Amino acid sequence: MTDTSEELARRTIERVARESYGRLVAYLSVNTRDLAAAEDALSEALLRALTTWPRDGVPQNPEAWLLTAARHAVIDTVRHQQVVSSNEPTLQLLREDIVDPTLSTRFPDERLKLLFVCAHPAIDPNLHTPLMLQTVLGLDAARIAAAFLISPKTMGQRLVRAKTKIRDGGIRFEVPDDKELPQRLDAVLEAIYGAFGIGWDDMLGVDQQGQNLAQEAIWLARVLLQLMAEDAEVRGLLALMLHCEARRAARRDRDGRYIPLSQQDPKQWSPALIEEAERHLAEASKRARPGRFQLEAAIQSVHAERARSGQTEWTAIAQFYRQLIRIWPTLGARTGYAAALAEANGAEQGLAVLDAIEPDQVVGYQPYWAVRAHLLQCLAKGVEASIAYDRAIGLAEDPAIREFLLKKKG
Amino acid sequence: MQFALLIYESPEAFSSRKSRENDTYISAWRAYHKALFESGAFVAGDPLEVPETGTTIRIRDGKRGIQDGPYADTKEQLGGFTIVDLPSLDAALEWAARCPAASYGVVEVRPLAPEVRRRVVE
C-alpha cells in the first residue's frame, strides 16, 4: 500500500460519497422506507471501502461496489436482529439483483421520491430541511444542528423520530400525482431554500470541506432540476439562489466589515453565476407560470442589472415585490417592499408599509427594525430611529451586521 | 420555561468594558438587553465584576481554605448571567446566538431547576 493509492482511494471515496450518497440512500430505502437502516448500511459500506480500496485498488464502478456492500450490510443487520420473518419482503427485495453486479451499475435514480418524502406534509415542517441535508447529502446531525442552532442531541432525536415515522407511518416513496404535485413541490422548494437561507446568513459557516449550506442548497436544486426540468419554479429557485450566491464575495470588505447590497461593488459579483441565473430565469418565464421563486429571482435580477447600467431600478423592484406580496405575503416580502418603495418614492411611503404590519409580528424580526431605523433616519426622526436601531442591533446575530448598524446609528 | 444564559468572557473582553472609547462593547450589550426586554423574555440578569475580584472559599475536614481569584483557572471566565423565560431550548439558543458575547466569548444555555428550587424553598 503506497501513500498515493491510499490518497487516491480516499479521494475517490469522498467524491463518490458526495455525488452518490443521496442516490444510494434513496435506492436502498425506496421499498423498505427505512432511511436509518439505509444510512447505516451505506456508512458501513463506506467504512469498508476505506479499508479495502487502498489495498485492492479502486473498483471500476465505485458506486455499484458501495451499493452491493451496503446491501450486504442491510441483510447482515436484519439477520442479526433475528426478525427475518417480518422483514422477509425487504430481504427479498435486497437480494434480488445482488448476484448481478451489472444490474446494479444502472440502478434508477430515486432521489426525487426521497425529496418528496423529506418534505412530506406528515413530517414537521421544521424537519424538512434537516432531513434532506442528512439523507440526500449525507450531512451529520451535529453539523445540521449547528446550522439550525439546535442542540446536537435534540437534532439527532428529532431526525430519528422523523425517520421512524417515515418507516412506520405509511409514508409512501412516490412522486405525488398532478393534483397534489404543486403543493408538495412547494414544500420541497421551501426546504431547499431554507438551507440556502441559513447558509446565506452564516458568512463564516464554511466547514472543513469548504462547503457552506448555501452551496449545498444549490446542489440540491440542481439535483431537483435534473429530475424536474420542466418546472418553472424549480428554475426560479435555482436562479434566485445563484443570483444571491454571485454576490458572496462582495458582501464583506477586506477587514470583514459588512457591505449592504446597494453599496457593493458590482465588479466583485460573479458574472458566471449571474449569467447562469439569468439563463434559468429566462427558461422559466417561457413556461408562463409565474410563482414566488421566479418573482424573487426577478427582484435579484434587477439588482444584478446594476453591474451593466450602473443604477438600480427601484420602481421595477417595488413592482415585483407588490406581485410577490399578492401570492406570498410574508414578513420578509413586506419588509423588502417597504425598503424598495422608500428608494423609489421616498422614505415616508416605505415607512407607511412598515406601519401597516402588526407590531406583535415583528418583535423578533431583525430586518424589519433595520429597515425601519434607516427610514426614520432618512426622515430625520432621530429619537425614533435610535430606538429602532437598538432593536435591530440587539436582534442581530452576525457581529459584522451589528457593527455596521452601530456605526450607522452614530 | 426558564433558562440561564451564562456568559463567559476572555480577559480582553473584560478589559474592553472599562475603556470609554470602546463604545461598541457597551452599545451592543445595551441594544441586546433592550431587544430581550422588549420581547418579554427577560427575567433577570447582571454583569459580574472581573474574575480577579473573586474570592473562593472551601471548607474541608473543618479546615478553611480561602483563595483570591475565581474558582476555575481557565482563560474564559464567567462574566455575567441572564435569566430568560422562553417556551423552549430552541428559543433560548436563538437568544444566546444574538448575545454579543457569542461572537467573542462563549454563552452557555442552562435550564433552571424549578423542581430542586421547590424542594429547597418550601
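Quick summary incoming for the structure in this document.

Reading the values: rules and limits
Residues numbered from 1 in each chain as written. Chains lettered and ligands numbered in written order. Predicted model: local features only at pLDDT ≥ 70, side-chain atom pairs only at ≥ 80, totals over all residues. Heavy atoms only, no water. Core = buried A, V, L, I, M, F, W, Y, C linked by side-chain atoms within 4.5 Å. Buried < 20%, exposed > 50% of the residue type's maximum accessible area, 1.4 Å probe, protein only. Helix = DSSP H or I, 4+ residues; strand = E, 2+ residues; numbered from the N terminus. Contact = heavy atoms within 4.5 Å. Polar contact = N/O pair within 3.5 Å; in protein donor to acceptor, adjacent residues only side chain to side chain. Buried area = accessible area lost by both parts, 1.4 Å probe. Salt bridge = Lys/Arg side-chain N within 4 Å of Asp/Glu carboxyl O. Nonpolar A, V, L, I, M, F, W, Y, C, P; charged D, E, K, R; others polar. Axes fitted to C-alpha atoms, helices over the stretch in contact; angles between N-to-C directions. Parallel < 35°, antiparallel > 145°, perpendicular 65-115°, else oblique. Left-handed = near helix turned anticlockwise from the far one by under 90°. Phe/Tyr/Trp six-rings, centres within 6.5 Å; stacked < 30°, edge-to-face > 60°. Lys NZ or Arg CZ within 6 Å of the ring centre and 35° of its normal. Pairing = 2+ DSSP bridges.

1. Re the nonpolar core
Residue and element names in this part refer to chain A.
- By size, the foremost hydrophobic cluster in this structure holds 82 residues, and its most contacted members are Met-132, Val-188, Ile-192, Leu-224 and Met-241.
- In terms of residue count, helix α10 (residues 181-201) provides more of this core than any other element does, eleven residues in total.
- If sequence neighbours within four positions are ignored, Met-241 has contacts with Ile-192, Tyr-193, Phe-196, Ala-217, Ile-218 and Ala-221.

2. Considerations on the environment of A:Arg252
Residue and element names in this part refer to chain A.
- When you line up the elements, Arg-252 lands in the loop between α12 (232-245) and α13 (271-286).
- With a relative accessible area of 15%, Arg-252 lands in the buried category.
- Along the chain, Arg-252 and Ala-400 lie 148 residues apart, while their C-alpha atoms are 8.6 Å from each other.
- Among the polar contacts listed, one links the side chain of Arg-252 to the side chain of Asp-398, at a separation of 2.5 Å.

3. A word on the interface of chain B and chain A
- On the chain A side, the residues contacting the 19 residues of chain B number 18 residues.
- Of the roughly 1,500 Å² buried between chain B and chain A, counting both surfaces, carbon and sulfur atoms make up 61%.
- Summed over the shared surface of chain B and chain A, the number is three salt bridges.
- Between A:Asp390 and B:Lys34 there is a salt bridge; the shortest N-O distance is 2.7 Å.
- For the side of chain B that touches chain A, the secondary structure elements donating two or more residues are α2 (23-39) and α3 (89-98) of chain B.
- Looking at which element gives the most residues to the side of chain B that touches chain A, the answer is α2(B), with nine residues.
- Residue classes in the side of chain B that touches chain A are distributed as ten nonpolar, four polar and five charged.

4. Quick word on the packing of helix α15 (residues 314-327) of chain A against helix α16 (residues 331-345) of chain A
All names here are of chain A.
- One can describe the packing of α15 onto α16 by two numbers: an axis separation of 8 Å at closest approach and a directional angle of 155 degrees. Classed by the angle they form, the pair α15 and α16 counts as roughly antiparallel. α16 is crossed by α15, and the crossing has left-handed handedness. Each of Trp-314, Thr-315, Ile-317, Ala-318, Tyr-321, Arg-322, Leu-324 and Ile-325 in α15 lies in contact with α16, whose residues at this interface are Ala-333, Arg-334, Gly-336, Tyr-337, Ala-340, Leu-341, Glu-343 and Ala-344.
- Of the residues in the contact of α15 with α16, the class split is eleven nonpolar, two polar and three charged.

5. Describing the packing of aromatic side chains
Residue and element names in this part refer to chain A.
- Applying the stated rule across the entire model yields ten aromatic pairs over all chains.
- Members of the aromatic cluster, connected to one another through ring pairs, are Tyr-193, Phe-196, Trp-200 and Phe-293.
- One Lys or Arg, Arg-247, reaches over the ring of Trp-269 and ends 5.4 Å from the middle of that ring.
- Its end group placed over the ring of Trp-369, Arg-391 keeps NZ or CZ at 4.2 Å from the ring centre.

6. Some details on the sheet that holds strand β2 (residues 42-47) of chain B
Residues and elements named next belong to chain B.
- The strand order across the open sheet formed by four strands is β2-β5-β1-β6, and the pairing between neighbours is antiparallel. Two strands in the sheet have a free side with no partner beyond their single neighbour: β2 and β6 (106-111). With strand direction ignored, the average angle separating the axes of adjacent strands in the sheet is 20 degrees.
- Sheet topology note: the strand β1 (residues 2-9)/strand β5 (residues 77-85) ladder contains eight bridges and is antiparallel. Bridge assignment links Ile-7 to a residue of β5, and that residue is Gly-80.
- Packing against the sheet, α2 makes contact with β1, β2 and β5, and its axis sits at approximately 175 degrees to β1.

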